[in-house]
Amino acid sequence: MKITGKTKIVGIFGYPVKHTLSPLMHNAAFSALRLDYCYLPFEVRPENLKEAVEGIRALNIRGVNITVPHKEAVMDYLDELSSEARLIGAVNIIENRDGRLIGYNTDARGFIKSLLMDAKTKVKGKRVLILGAGGAGKGVAVACAMENAAAITIANRTADKAERLTEYLKGQFSEIPFSAISLEKDRLPEVIADADILINATSVGLKRGESLPVSSRHLHKNLVVYDLIYNPPDTPFLKMAGKAGVKKAVNGLGMLLYQGALSFEIWMCKRPPIDVMKKALF
Ligand code: ATR
């Protein structure tokens, strides 16, 4: 990569940001297509987020990805939001369109695309069980609702949070049956038995020693299991699915790839070189 006076910049705002794989993926894509762009990580503390966003305009940065912990807070500083970003209540990419900052959410479509490409599974007509009712759980639930899942259940350690999320979703997608359960409740095995797709959107598996909210004896072989976590690739959740003999069990690396590809498309107005991005990431 050659940086010149004409090189344009994109990047990522996060705190911390040092673990991000996005620069690898995007810079590989720029090199492959000979685009004079460079993707940089920016460590932005929460108290500096507003100034950092103003800096996108001031420095004429083409756009940035937004990661933890800024996805919700950043919405206050943008000029426009896509309908998906508004629905999910989170932004993971900003486009600087001639000084207007537009926020999008490509996580949801990235998830759906990964499910299709990596697990050969369509959400339409499927019964979905989502573990977790935080930001990630909400994004996945909206994605599945937009794809016309037959039913969506959200199970969360803090049951109130799952209730609140399903109430919100019922207001947005009146045609889809939503229900909320506690992770602790005895109902979980029964809901898993009835589900087609099980998604781990909790943070369990990121830290060592946390016990998984479900056990392998509750799973059935035809279940499609998706873990939003991807590091290490063979996550504790996927190991558990393997023990149960589940045939389709996928980690969240594909979601990272496809949300990145969609970000690339928004900034560059070009088809992303998916294979190049995938190779860089995997
Ligand atoms: P994210 O934006 O990644 O979703 P988050 O909003 O902090 O992060 O949400 C983390 C999710 O993981 C929540 O659903 C949380 O459950 P609570 O709402 O009860 O806190 C879930 N979670 C975290 N640690 C957990 C654990 N040890 N067991 C079960 N669920 C856990």
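Residues numbered from 1 in each chain as written. Predicted model: local features only at pLDDT ≥ 70, side-chain atom pairs only at ≥ 80, totals over all residues. Heavy atoms only, no water.

> Got a sec to walk through the nonpolar core? Specific residues and values, please.
The biggest cluster of nonpolar side chains holds 36 residues, and the ones touching the most others in it are Phe111, Val128, Ile130, Cys144, Ile152, Ile154 and Ile199. A total of six residues in this core trace back to one element, the largest contributor, which is helix α5 (residues 135–146). What isoleucine 199 contacts, discounting residues up to four positions off in sequence, is Phe111, Val128, Leu129, Ile130, Leu131, Val140, Cys144, Tyr226 and Leu228. Core analysis: the second largest hydrophobic core is formed by 23 residues, Val10, Ala29, Tyr104 and Ile266 among them. (Core = buried A, V, L, I, M, F, W, Y, C linked by side-chain atoms within 4.5 Å. Buried < 20%, exposed > 50% of the residue type's maximum accessible area, 1.4 Å probe, protein only. Helix = DSSP H or I, 4+ residues; strand = E, 2+ residues; numbered from the N terminus. Contact = heavy atoms within 4.5 Å.)

> An account of the pattern of salt bridges is needed here, citing residue identities and associated values.
Side-chain pairs of opposite charge can arise whenever the charged atoms involved come near each other. The tally for this structure, following the rule as stated, stands at eleven salt bridges. The salt bridge involving glutamate 167 is made with lysine 170; its shortest N-O contact spans 3.3 Å. Linking glutamate 167 with lysine 170, this pair stays in helix α6 (residues 159–172), spanning three residues, or about one helical turn. For glutamate 167, a relative accessible area of 47% gives the class partly exposed. If you follow the salt bridges from partner to partner, you end up with Arg62, Glu95 and Arg97 in one network. (Salt bridge = Lys/Arg side-chain N within 4 Å of Asp/Glu carboxyl O.)

> So what about the site of the ligand? Which residues, and what values?
If you check the shell around the ligand, you find 14 residues, and the closest are Ala136, Asn156, Arg157, Thr158 and Lys161. Taking lysine 161, its side chain carries an N or O atom lying 2.8 Å from an oxygen atom of the ligand. Protein chains bury 68% of the 650 Å² of accessible surface belonging to the ligand in isolation. Per-class residue counts for the shell around the ligand are four nonpolar, seven polar and three charged. (Near = heavy atom within 4 Å. Polar contact = N/O pair within 3.5 Å; in protein donor to acceptor, adjacent residues only side chain to side chain. Areas by Shrake-Rupley, 256 points an atom, 1.4 Å probe, with all protein chains shown as cover. Nonpolar A, V, L, I, M, F, W, Y, C, P; charged D, E, K, R; others polar.)

> Report on helix α4 (residues 107–119), specifying residues and quantitative values.
Residues spaced three or four apart along an α-helix face the same direction, because each turn holds 3.6 residues. Over its 13 residues, α4 extends 17 Å from the first C-alpha to the last, a length consistent with the 18 Å expected when each residue adds 1.5 Å. Among all positions of α4, only Asp107, Ala108, Gly110, Phe111, Ile112, Ser114, Leu115 and Ala119 are buried. Looking at the buried side of α4, the elements it contacts are α3 (83–88), α5, β10 (197–200), β11 (224–227), β12 (248–251) and α9 (253–268). At the exit of α4 stands lysine 120, carrying a positive phi of roughly 50°. (Expected span 1.5 Å × (residues − 1).)

> Mind laying out the sheet that holds strand β6 (residues 100–104), listing which residues take part and the relevant values?
In space, the six strands of this open sheet follow the order β2-β1-β3-β5-β6-β4, with mixed pairing throughout. At either end of the open sheet lies a strand with only one pairing partner, and these are β2 (37–43) and β4 (80–81). In the sheet, strand β1 (residues 8–14) pairs with β2 via seven bridges, with the strands oriented parallel. Following the sheet pairing, isoleucine 9 is matched in β2 by cysteine 38. Along the sheet face, helix α1 (residues 22–32) touches β1, β2 and β3 (63–66) and points at about 170° away from the line of β2. Contacts from helix α2 (residues 49–58) reach β1, β3, β5 (93–97) and β6, with the element oriented near 165° to β1. (Pairing = 2+ DSSP bridges. Axes fitted to C-alpha atoms, helices over the stretch in contact; angles between N-to-C directions.)

Structural measurements only, silent on function.
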